[in-house]
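Listed here are the chains, written in short residue letters.
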Amino acid sequence: MPILLLAEHAGRSLSDQTAKALTAALKIAGFSGAEIHVLVAGADARPAAEAAARLAGVTKVLLAQDAALAHQLAEPLADLLVALAPAYDVILASATASARNVLPRVAARLDVMQVSDIVEVVSADTFKRPIYAGNAIQTVQSSDATLVITVRAASFAAAAEGGTVPIEAIAGGTSTGLSRFLSDALAVSERPELASARRIVSGGRALGSVETFRDVILPLADTLDAAVGASRAAVDAGYAPNDWQVGQTGKVVAPELYIAVGISGAIQHLAGMKDSKVIVAINKDPEAPIFQVADYGLVGDLFEVLPEFDRALRS
Amino acid sequence: MKILVPVKRVVDHNVKIRARPDGSGVELANVKMSMNPFDEISVEQALRLKEAGKASEVVVVSIGPAKAEETLRTALAMGADRAVLVETDASVEPLAVAKILRGVAEAERPGLILVGKQAIDDDCNQTGQMLAGLLGVAQATFASRVEIEDQTARITREVDGGLQTIEVTLPAVVTVDLRLNEPRYASLPNIMKAKKKPLERKTPADFGVDIAPRLRVLWTEEPAGRGAGVKVASARELVAGLRNAGVV
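Cut-offs and rules
Residues numbered from 1 in each chain as written. Chains lettered and ligands numbered in written order. Predicted model: local features only at pLDDT ≥ 70, side-chain atom pairs only at ≥ 80, totals over all residues. Heavy atoms only, no water. UniProt positions renumbered as here; feature names shortened; annotations may be inferred. Helix = DSSP H or I, 4+ residues; strand = E, 2+ residues; numbered from the N terminus. Buried < 20%, exposed > 50% of the residue type's maximum accessible area, 1.4 Å probe, protein only. Contact = heavy atoms within 4.5 Å. Core = buried A, V, L, I, M, F, W, Y, C linked by side-chain atoms within 4.5 Å. Pairing = 2+ DSSP bridges. Axes fitted to C-alpha atoms, helices over the stretch in contact; angles between N-to-C directions. Expected span 1.5 Å × (residues − 1). Bend = angle between axes of the 7 residues up to and from the residue.

- Under an unreviewed UniProt entry, the name given to chain B is Electron transfer flavoprotein subunit beta, and the organism recorded is Ancylobacter tetraedralis.
- UniProt lists a comment for chain B under the heading Subunit (unreviewed entry), and it reads "Heterodimer of an alpha and a beta subunit."

- If you check an unreviewed UniProt entry, chain A appears there as Electron transfer flavoprotein subunit alpha from Ancylobacter tetraedralis.
- Recorded in UniProt for chain A, the comment headed Sequence similarities (unreviewed entry) runs: "Belongs to the ETF alpha-subunit/FixB family."

1. Observations concerning the overall build of chain B
- Within chain B one finds 6 helices and 13 strands.
- By its C-alpha atoms, chain B is 65 × 45 × 40 Å across when sized along the principal axes.
- A burial count over chain B gives 56% of its 248 residues as buried.
- At a minimum sequence separation of 6, the contacts of chain B that also span at least 24 residues come to 70%.

2. A closer look at the nonpolar core
- Leu39, Val40, Leu81 and Ile149 of chain A are the most contacted members of the largest nonpolar core, which has 92 residues in total.
- Residues in contact with Leu81 of chain A, not counting those within four places in the same chain, are Leu4, Leu6, Leu39, Ile91, Val102, Leu103 and Val106 of chain A.
- Within the second largest apolar cluster, 45 residues are counted, among which are Leu47, Ala55, Ile120 and Val146 of chain B.

3. Considerations on helix α4 (residues 127-135) of chain B
- Across the 9 residues that make up α4 of chain B, a large majority, 7, are buried.
- Within α4 of chain B, the full set of buried residues consists of Gly128, Gln129, Met130, Leu131, Ala132, Gly133 and Leu134 of chain B.
- Looking at the packing, one finds that the buried side of α4 of chain B touches α4 (97-109) of chain A together with α3 (94-108), β6 (112-116), β7 (138-148) and β10 (172-176) of chain B.
- The first or second residue beyond α4 of chain B is Gly136 of chain B, which carries a positive phi of 70 degrees.

4. As for the UniProt feature "domain: Electron transfer flavoprotein alpha/beta-subunit N-terminal" (unreviewed entry) in chain A
- Taking the numbering used here, the UniProt-annotated feature "domain: Electron transfer flavoprotein alpha/beta-subunit N-terminal" (unreviewed entry) corresponds to residues 3-185 of chain A.
- Secondary structure across residues 3-185 of chain A divides into 27% helix and 32% strand, with the first and last C-alpha atoms of the span separated by 34 Å.

5. What to know about the sheet that holds strand β13 (residues 227-230) of chain A
- The strand order β13(A)-β12(A)-β14(A)-β15(A)-β16(A)-β13(B) describes an open sheet built from 6 strands, whose pairing is parallel. One side of each edge strand has no neighbouring strand; the edge strands of this open sheet are β13 of chain A together with β13 (230-232) of chain B. When strand polarity is set aside, the average angle formed by the axes of neighbouring strands in this sheet is 20 degrees.
- The sheet contact formed by strand β12 (residues 199-203) of chain A and strand β14 (residues 257-261) of chain A spans 5 bridges and is parallel. Residue pairing across strands places Arg199 of chain A opposite Leu257 of chain A, the latter belonging to β14 of chain A.
- Sheet contacts for helix α8 (residues 302-314) of chain A: β14, β15 (278-283) and β16 (296-299) of chain A; angle to β15 of chain A, the most-contacted strand, approximately 135 degrees.

6. Re the environment of Ala240 of chain B
Residues and elements named next belong to chain B.
- Note that Ala240 resides in helix α6 (residues 235-245).
- Take Ala240: its relative accessible area is 42%, and that puts it in the partly exposed class.
- Between the C-alpha atoms of Ala240 and Glu167, which are 73 residues apart in sequence, the distance is 53 Å.

7. Regarding helix α5 (residues 210-224) of chain A
Residues and elements named next belong to chain A.
- Taking 1.5 Å per residue as the helical rise, α5 with its 15 residues ought to reach 21 Å, and the 21 Å between its terminal C-alpha atoms agrees with that figure.
- The largest bend in α5 comes to about 25 degrees, at Ile217, with the proline Pro219 one to four residues further on.
- When we look at burial in α5, the residues that qualify are Thr212, Phe213, Val216, Ile217, Leu218, Leu220, Ala221 and Leu224.
- Check the buried side of α5 and you find it contacts β12, β13, α6 (232-236), β14 and α8.
- One or two steps after α5, the chain reaches Asp225, where phi turns positive at roughly 50 degrees.

So, in structure tokens, the structure goes:
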């Protein structure tokens, strides 16, 4: 039976998290020979479905459109997935906030144990996943009839585009009356999205205030066309919003370039960024643990180093 | 309204864990154990709701070895009213935990179940959502704000890119995120008092739950290390290095 990939999308556009989870699905299909269907569920999501139909390796796109699915509320979306489940061997999605919300609900209703946050496909039923904030990696084999999986997107390259496949409209499910959407407060930013950025500049508690964070980190990020991240300490201190948090309890990222400014390198932060290709640490404490994972370490006062760094980058 | 709060005994978050060289798991002998940090936040939130007159009783429950009583006593010392210990020495997966919690919830009939969004040992992030699915009630995950009305709760959730606010019908399962509150420390008199608070002992079999694992752990290893690179003396030298590496 085929694999069902739940798409992450914003209606008008498809998140590249979907193409990364597709790579994991293709690896499973490499063992099982299964086809891959993508489910796009939303209120007005045809453009996202069209983008999904262009991804290489997908054989069909299911488009479920209903007002009840507008905000990816867990209850109606789980109902839809549970209804589709008997036709599939595997249900998987990138481990976004939305998928982490809905898939365990689906797994419980199917009486299966979800495999969370896989970083490697070992075989059709065996996967590697991090535990203890990435300080250990477990290889687990599932004995369940249906596999429900979330994928750590930072560990998989995005699948390419190629050709186009049919989009099949399916019934959208109905409102359960259990939950209602009230409002969104989503940050609107010109900068690249943290989860998929090629470069990230992150600030820590050493920044000292929300004003300094803004005045020191943001210009450097703009020079590099980078996304902005923060350590949990900086978020807890109120210097940066929570959705900028990189780490075990925030986002796990793997950009080409990660610049850690005034971040000491607590285990929980390293868990979120240590798979970055090149890591730069700027910190005035030469003993800071961040230097143990940094490809380039610069010991110095960030308020002196950063303006110089910015100038040198522009020259 | 009664609030049910599951708590898990885990390796303390300050401990640097080690995988056993034979691949059989993580070394847990003589390691400091504590309440899962997210569960401290859910206990704290339950207590605040009780103090604000929104709840009448806070019941904490743990599924684990006899020593999980310590974790429950910590929650009782923070201010919870009574505890249920579902005792087992086996490692219990989130699905089985959720099934046991369903049994506890059916007996206790809470109006609200507050669950930590994930345990910092297995990092699964599943139990609350699974419990809501099994009970057929509403769920609100990753909460950074919880407001209780009469028959509903208004929850602000931490989602990718910002915040989402939803309203859920009670009873509901809410999983809590870091910014919801700052948990209190138990005072010495309260730690003493907690020793006398009621604690009921159960087993998974009392709830008719089969806790046999569905996932077989084949191997546990430490991730490939990442060596330290070079120290550069100036910003100019740093930029030269990054240009050589082709990342700027």
